[in-house]
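Architecture and fold: a report
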Amino acid sequence: MAANGSSCEQSQRRAGAKDKLNDASVRERRQKDKEERLSLVLWRRPLTTLHYFLLETLIKLKEWTYELWHRRGTVFLFLVLCSVFSVTYSTEGAHQQYVQYLEKKFLWCAYWVGLGILSSVGLGTGLHTFLLYLGPHIASVTLAAYECGSTDFPEPPYPDQIVCPDDGGLEGSISIFSIMSKVRLEACMWGAGTAIGELPPYFMARAARQSGADPDDEEYEEFEEMLEQAEGAQDFVTRAKLGVQHMVQKVGFFGILACASIPNPLFDLAGITCGHFLVPFWTFFGATLIGKAIIKMHIQKLFVIITFSKHIVEQMVSLIGSVPKIGPALQKPFSQYLEAQKNKLHHAGGSRSGDENWLSWVFEKVVLVMVCYFIISIINSMAQSYAKRLQQLRHSEEKTK
C-alpha cells in the first residue's frame, strides 16, 4: 500500500512538472509571437504591413457582410426608413422647415458623436478629439461670450465664424453656467460617442467568456494574465488595473459609474472586466453613458471654460511676457492673435493677420500629424491582427501533425 501511495505521488509530481513545463513553453511561444507581431509596423516592414492590412480589411468586410445578412430584417427596416425620409426630404411642402431643422440637428449631433467614438474606440490608439476639436470649440465659444457680453450668437451648427449680435449684452452679464448651457449639446454628444466607443471591448470579452474561444485581442490576453498573476503584482500600473477591476466587479453599477465619471485611461479594462464577468449590457452601458456624457463632460467643460475665461487668458498672456528672454517674443503673437479674434467677432469676414496665420498654421499641422498617426496606428493594428491569424493557423496545423 505504501509503495502504491508513493508511486501515485511520484506520478502526480511528474504530471505537475510536465504541466508547468508545457505552460512555460506556451507562455514563451506567445511572447515570441507577440514580439514578432509588434515588429510589423509601417516604418520597419512597409510592404508586408500594407499587404496584411489589405487582407485583414477584406476579411473584416466579409465578416460584417455575413453579420448584416444574418440581420437582414433589421437592415431591411433601416432601408425602408431611409427611403421614407428620402421621399419626405425631396417632396415640397410646409413640412420642409421641420425636415431641414431635424437634418441640421442630426448632422451636428452625428458629427460630435462620431468624434467621440474616434476618441475612445480601440483601433490601435484613439484620436484625441477633445484636444483637437471639442476643447478648442468650447474655448472659442467662451472667448466669444466674454467679448460679446452675450451668448446670443447663432445656434449650432455655427457658421465658419461666430459674430457678436448687434445688440450685445453687458460685459458682466456672462456667467459660467450660461456658457455651459451654450455648449451642452456638443459636449454631451461627444461624451455619448466616447461611451459607444467603449462597447467593443465589452462585447469581445463577453463573447469570449460565453464561447470559451480565444479572442483576437491583445488587451484581453493581458487581462487574463493579470488575473492569473493578481496575488504577486507589485508594480503600480498592475495594481491600478487590479483596483479598477475589483471596483467594477464588486460595486457593479456605481463602480462603473465612478470609473467612467473621471478621466481614466484604464477604463478599457472596465469594459473587458464587465464583459468577462457577464455584467448585463444596460448596467454597463447605462453607467458608462451617465458617467461620460453627463458627469465627466461637465467636469471637462467647466475646466475649459474657467481656463479660457477673460481674466484668466489675460493673466496667461501677461505670464508669458514675464518669461526671461523669449517671453516678449512669444507674448506679441499671442496678444495680436487674441486681438484679431476679438475684432473678427464684431466684423464678419474680417481679414487675418500674419501672426494669426502663423498660429493657425501651427495648430493645423499639429492636427494633421495626430490624424496621420491615428491612421498609421489603425493600419499597424489591423496588419498585426492578420499576422495573429496566420500564427494561430500555423499552430493549429502543427497540433494536427
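Reference entry: report on the structure contained in this document. (Residues numbered from 1 in each chain as written. Predicted model: local features only at pLDDT ≥ 70, side-chain atom pairs only at ≥ 80, totals over all residues. Heavy atoms only, no water.)

Further remarks concern the overall build of the chain. What the chain contains, in helices and strands, is 16 helices and 0 strands. Classification of the 401 residues of the chain by burial places 33% in the buried group. Accessible surface computed for the chain: about 24,800 Å², of which carbon and sulfur atoms make up 64%. (Helix = DSSP H or I, 4+ residues; strand = E, 2+ residues; numbered from the N terminus. Buried < 20%, exposed > 50% of the residue type's maximum accessible area, 1.4 Å probe, protein only. Areas by Shrake-Rupley, 256 points an atom, 1.4 Å probe, with all protein chains shown as cover.)

Here the focus is the packing of aromatic side chains. Applying the stated criterion to the full structure yields 14 aromatic pairs. With 5.4 Å between their ring centres and 70 degrees between their planes, Tyr202 and Phe203 make a pair best called edge-to-face. Residue classification places Tyr202 among the buried positions, given a relative accessible area of 0%. By relative accessible area, Phe203 is classed as partly exposed at 42%. Stacked on the ring of Trp69, the Lys or Arg Arg72 has its end atom at 4.5 Å from the ring centre. (Phe/Tyr/Trp six-rings, centres within 6.5 Å; stacked < 30°, edge-to-face > 60°. Lys NZ or Arg CZ within 6 Å of the ring centre and 35° of its normal.)

For the rest of this paragraph, the subject is the packing of helix α11 (residues 253–260) against helix α13 (residues 281–307). The N-to-C vectors of α11 and α13 enclose an angle of 35 degrees; their axes lie 8 Å apart at closest approach. The two elements α11 and α13 meet at a crossing, and its hand is right-handed. Contact residues: Phe253, Ile256, Leu257 and Ala260 in α11; Thr283, Phe284, Gly286, Ala287, Thr288, Ile290, Gly291, Lys292, Ile295 and Lys296 in α13. Of the residues assigned to the contact of α11 with α13, the class counts are 8 nonpolar, 4 polar and 2 charged. (Axes fitted to C-alpha atoms, helices over the stretch in contact; angles between N-to-C directions. Left-handed = near helix turned anticlockwise from the far one by under 90°. Contact = heavy atoms within 4.5 Å. Nonpolar A, V, L, I, M, F, W, Y, C, P; charged D, E, K, R; others polar.)

Glancing now at the side chain of Thr142. Of note, Thr142 is situated in helix α5 (residues 129–148). Take Thr142: its relative accessible area is 0%, and that puts it in the buried class.

Taken together, Arg27, Arg29, Arg30 and Lys399 make up a surface patch of like positive charges. Counting residues per element, the positive patch draws most heavily on helix α1 (residues 2–38), at 3 residues. Here Arg27 is to be found in helix α1. (Patch = residues over 30% accessible without salt bridge, like charges linked within 9 Å, V, L, I, M, F, W, Y side chains within 5 Å. Salt bridge = Lys/Arg side-chain N within 4 Å of Asp/Glu carboxyl O. Lys, Arg positive; Asp, Glu negative; His and termini not counted. Charge placed at Lys NZ, Arg CZ, Asp CG, Glu CD.)

Attention now moves to the pattern of salt bridges. Side chains that differ in charge, positive against negative, can pair when their charged atoms come close. Scanning the model with the defined rule gives 5 salt bridges in all. Of the charged contacts in the structure, one is a salt bridge between Arg389 and Glu63, with a shortest N-O distance of 3.5 Å. Of this pair, Arg389 sits in helix α16 (residues 354–400) while Glu63 sits in helix α2 (residues 46–70), and the two are 326 residues apart along the sequence. The exposure class of Glu63 is partly exposed, given its relative accessible area of 34%.

A few words now on α5. Residues that lie three or four places apart on an α-helix share one face, since the helix turns once every 3.6 residues. Helix length check: α5, at 20 residues, gives a terminal C-alpha distance of 27 Å against a target of 28 Å (1.5 Å per residue), a fit within 8%. Along its length, α5 shows its largest kink, about 30 degrees, at Gly135, and proline Pro136 lies within four residues downstream of that point. Extensive coverage of α5 is indicated by the burial of 14 of its 20 residues. Following α5 by one or two positions, Gly149 has its phi on the positive side, about 70 degrees. (Expected span 1.5 Å × (residues − 1). Bend = angle between axes of the 7 residues up to and from the residue.)

A few words now on the nonpolar core. Of all hydrophobic cores here, the largest spans 24 residues; its most connected members are Leu134, Ile179 and Trp190. Breaking this core down by element, the ones donating at least two residues are α4 (96–120), α5, α6 (176–182), α7 (184–197) and α13. Of all the elements, α5 adds the most residues to this core, at 9 residues. Judged by nonpolar contacts, the second largest core, of 15 residues, contains Ala195, Leu257, Val279 and Phe284. (Core = buried A, V, L, I, M, F, W, Y, C linked by side-chain atoms within 4.5 Å.)

What follows covers a nonpolar patch on the surface. Taken together, the side chains of Ile290, Ile294, Ile295 and Ile299 make up a nonpolar region of the molecular surface, amounting to roughly 320 Å² of accessible area. Counting through the fold element by element, Ile290 comes out in helix α13. Residue class for Ile290 comes out partly exposed when judged on its relative accessible area of 36%.

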